[in-house]
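Structural overview
Take a look at the letters that make up each chain.
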Amino acid sequence: MKVLGHKIELLTGLLLQEVTMAGLHELRFTEEKPLLRGQDTELENSDAFLSAVDTDWKEHDIETPYGLLHVVIRGSPKGNRPAILTYHDVGLNHKLCFNAFFNFEDMQEITKHFVVCHVDAPGQQAGASQFPQGYQFPSMEQLAAMLPSVIQHFGFKYVIGIGVGAGAYVLAKFALIFPDLVEGLVLMNIDPNGKGWIDWAATKLSGLTSTLPDTVLSHLFSQEELVNNTELVQSYRQQISNTVNQFNLQLFWNMYNSRRDLDINRPGTVPNAKTLRCPVMLVVGDNAPAEDGVVECNSKLDPTNTTFLKMADSGGLPQVTQPGKLTEAFKYFLQGMGYIAYLKDRRLSGGAVPSASMTRLARSRTASLTSASSVDGTRPRACTHSESSEALGQINHTMEVSC
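Residues numbered from 1 in each chain as written. Predicted model: local features only at pLDDT ≥ 70, side-chain atom pairs only at ≥ 80, totals over all residues. Heavy atoms only, no water.

1. Some points on the overall build of the protein
For the protein, the count of helices and strands is 16 helices and 11 strands. Across the 403 residues in the protein, those meeting the buried criterion constitute 53%. Within the structure as shown, the protein displays about 18000 Å² of accessible surface, and the carbon and sulfur contribution to it stands at 52%. (Helix = DSSP H or I, 4+ residues; strand = E, 2+ residues; numbered from the N terminus. Buried < 20%, exposed > 50% of the residue type's maximum accessible area, 1.4 Å probe, protein only. Areas by Shrake-Rupley, 256 points an atom, 1.4 Å probe, with all protein chains shown as cover.)

2. A look at the side chain of Ser314
Take Ser314: it is sitting in the loop between strand 8 (306-311) and helix 15 (318-321). At a separation of 3.4 Å, a polar atom in the side chain of Ser314 contacts the side chain of Thr321. Discounting chain neighbours no more than four positions away, the residues touching Ser314 are Gly285, Asp286, Asn287, Ala288, Thr321 and Gln322. (Polar contact = N/O pair within 3.5 Å; in protein donor to acceptor, adjacent residues only side chain to side chain. Contact = heavy atoms within 4.5 Å.)

3. A look at the pairing of strand 2 (residues 67-74)
Burial runs high along strand 2: 6 of the 8 residues are buried. Here 8 bridges tie strand 1 (residues 57-64) to strand 2, and the two strands are oriented antiparallel to one another. Bridged to Asp61 within strand 2 is His70. Pairing between strand 2 and strand 4 (residues 116-120): 5 bridges, direction antiparallel. Bridging from a neighbouring strand, Arg74 pairs with Val116 of strand 4. (Pairing = 2+ DSSP bridges.)

4. Thoughts on the nonpolar core
Counting 95 residues, the largest nonpolar core has Leu187 and Phe330 as the members making the most contacts within it. For this core, the element with the highest residue contribution is helix 8 (residues 166-177), accounting for 8 residues. In contact with Phe330, not counting residues within four places along its chain, are Ile84, Met107, Ile110, Ile160, Ile162, Val186 and Met281. (Core = buried A, V, L, I, M, F, W, Y, C linked by side-chain atoms within 4.5 Å.)

5. Comments concerning the packing of aromatic side chains
Enumeration over the complete set of coordinates arrives at 10 aromatic pairs. For the ring pair Phe98 and Phe102, a centre distance of 6.0 Å and an interplane angle of 80° mean the geometry is edge-to-face. Placement of the pair is Phe98 and Phe102 together in helix 4 (residues 94-102), with a separation of 4 residues, close to one helical turn. This pair shows no difference in class: Phe98 is buried, exactly as Phe102 is. When the ring of Phe221 is compared with that of Tyr236, the centres are 6.0 Å apart and the planes differ by 70°; the resulting orientation is edge-to-face. Here the residue Phe221 occupies a position in the loop between helix 10 (212-220) and helix 11 (223-228), and Tyr236 occupies one in helix 12 (residues 230-243), the gap between them amounting to 15 residues. A relative accessible area of 8% places Tyr236 in the buried class. (Phe/Tyr/Trp six-rings, centres within 6.5 Å; stacked < 30°, edge-to-face > 60°.)

6. Some details on the side chain of Ser149
Checked against the element boundaries, Ser149 lands in helix 7 (residues 147-154). The contact partners of Ser149, leaving out residues within four places of it in the chain, are Ile62, Glu63, Thr64 and Pro65.

7. Notes on unusual backbone geometry
The backbone phi angle of Asn189 is positive, close to 60°, even though this residue is not glycine. In this structure Asn189 comes out as buried when scored by relative accessible area, which is 7%. Despite not being glycine, Asn272 has its phi angle at roughly 55°, a positive value. Note that Asn272 resides in the loop between helix 13 (246-256) and strand 7 (280-285). Assessed through its relative accessible area of 77%, Asn272 is described here as exposed.

8. Details of the confidence of the model for the protein
Parts of the model with low pLDDT should not have their predicted coordinates read in detail. Residue-level pLDDT values for the protein average 76, and 67% of them are 70 or greater. Contacts from residues 1-54, a stretch scored under 50 in pLDDT, to residues over four places away or in other chains number 81 contacts. Note that pLDDT drops below 50 for residues 345-399; the model gives that stretch 145 contacts with residues more than four away or on any other chain. (pLDDT = per-residue confidence, 0-100.)

9. Topic: the environment of Gly285
Along the chain, the position of Gly285 falls in strand 7. For the pair Gly285 and Leu309, spaced 24 residues apart in the sequence, the C-alpha separation amounts to 8.4 Å. Every residue in contact with Gly285, bar those within four places of it in the chain, is listed here: Lys310, Met311, Ser314 and Gly315.

10. Observations regarding the environment of Val119
Structurally, Val119 can be placed in strand 4. By relative accessible area, Val119 is classed as buried at 0%. For the pair formed by Val119 and His70, sequence separation is 49 residues and the distance between their alpha carbons is 6.3 Å. The residues contacting Val119, other than those within four sequence positions of it, are Leu69, His70, Val71, Leu85, Thr86, Tyr87, His88 and Leu147.

11. Topic: the pattern of salt bridges
In this structure the tally under the stated criterion is 7 salt bridges. Taking the shortest distance from any N to any O, the salt bridge between Lys173 and Glu141 comes out at 3.8 Å. Here the residue Lys173 occupies a position in helix 8, and Glu141 occupies one in helix 6 (residues 140-145), the gap between them amounting to 32 residues. Under the relative-accessibility criterion, Lys173 is labelled buried at 10%. (Salt bridge = Lys/Arg side-chain N within 4 Å of Asp/Glu carboxyl O.)

So, in structure tokens, the structure goes:
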């Protein structure tokens, strides 16, 4: 009877999809991967599974070719599911950047099914020892090259990255260098461009006339936010001043401002163009200082696997000011890759809702998503435009969604 009820519920969801998808981009799956792949009995008894998840965060200092990385992790790898790996923006650490987002109730419903790994940039974690004078902070490329050591240490097969600002740049660089280790990326406030001489001079001048926390705040928040959202800005000013070692922060800030252009181009625009091969969701607030950079990054990515999300009523830290909207978008992003076949929706009856009926953030790809999963658990990969014969001759454009 349970199996029959499950099939009826799924068919109901599919009928709802046919109605709600009118006028939207087509969303097709050759096979939908359940959240717990192949473990239908655990899906039917998800409450028992969730209660067994290790909710304690464990801290690790991991040796890499370019120094130690402080990492906190919850859970352990589960079969073929990727880990969620985060990287924070300059001026922050994993707590200041992601606590509001990952502590949001609906986000916890998602992350209970995944191992979550927060990476702190060298020397940026709370209580970090100050680097000695003359210490050479890793370049942005070296920061990216430190991450395989984290993945190897914990035995991850691949990750879904969530990065903000400088962290988004690091994860994008990581995905370019090690594409087989990245299943998907959520990049918030990413700026793919290095600083020109004028920007470099302006940054130097700002450093002479402003304190380091105030300089970093102008990177994190728009001018409108600095003026009108004084409570939030003041809170972050105090946290940046008191939680992050200022000497270490200055080194990270200098290195981020010395970054090179991210070497990406939209396929077909230049010979042998490099781009991110995995599904990408770009996120920016409609009142964010990074908006121009994110728009330009969107223009350089493959439109067949990119979603551009501009969040209304949000500024430089959408994961802090709009965690509910971002959680919803992340849920649909995972569903677009074939994860989370069922997830409790608190706004409805509290029961499991078929993902087929959740269509408000339809993915931009018209090529079918395929699954290469088999009995032995080989890795499923999303099929991109270049890999799908169905997509030949079609013109795809990145879907821009405002919410």
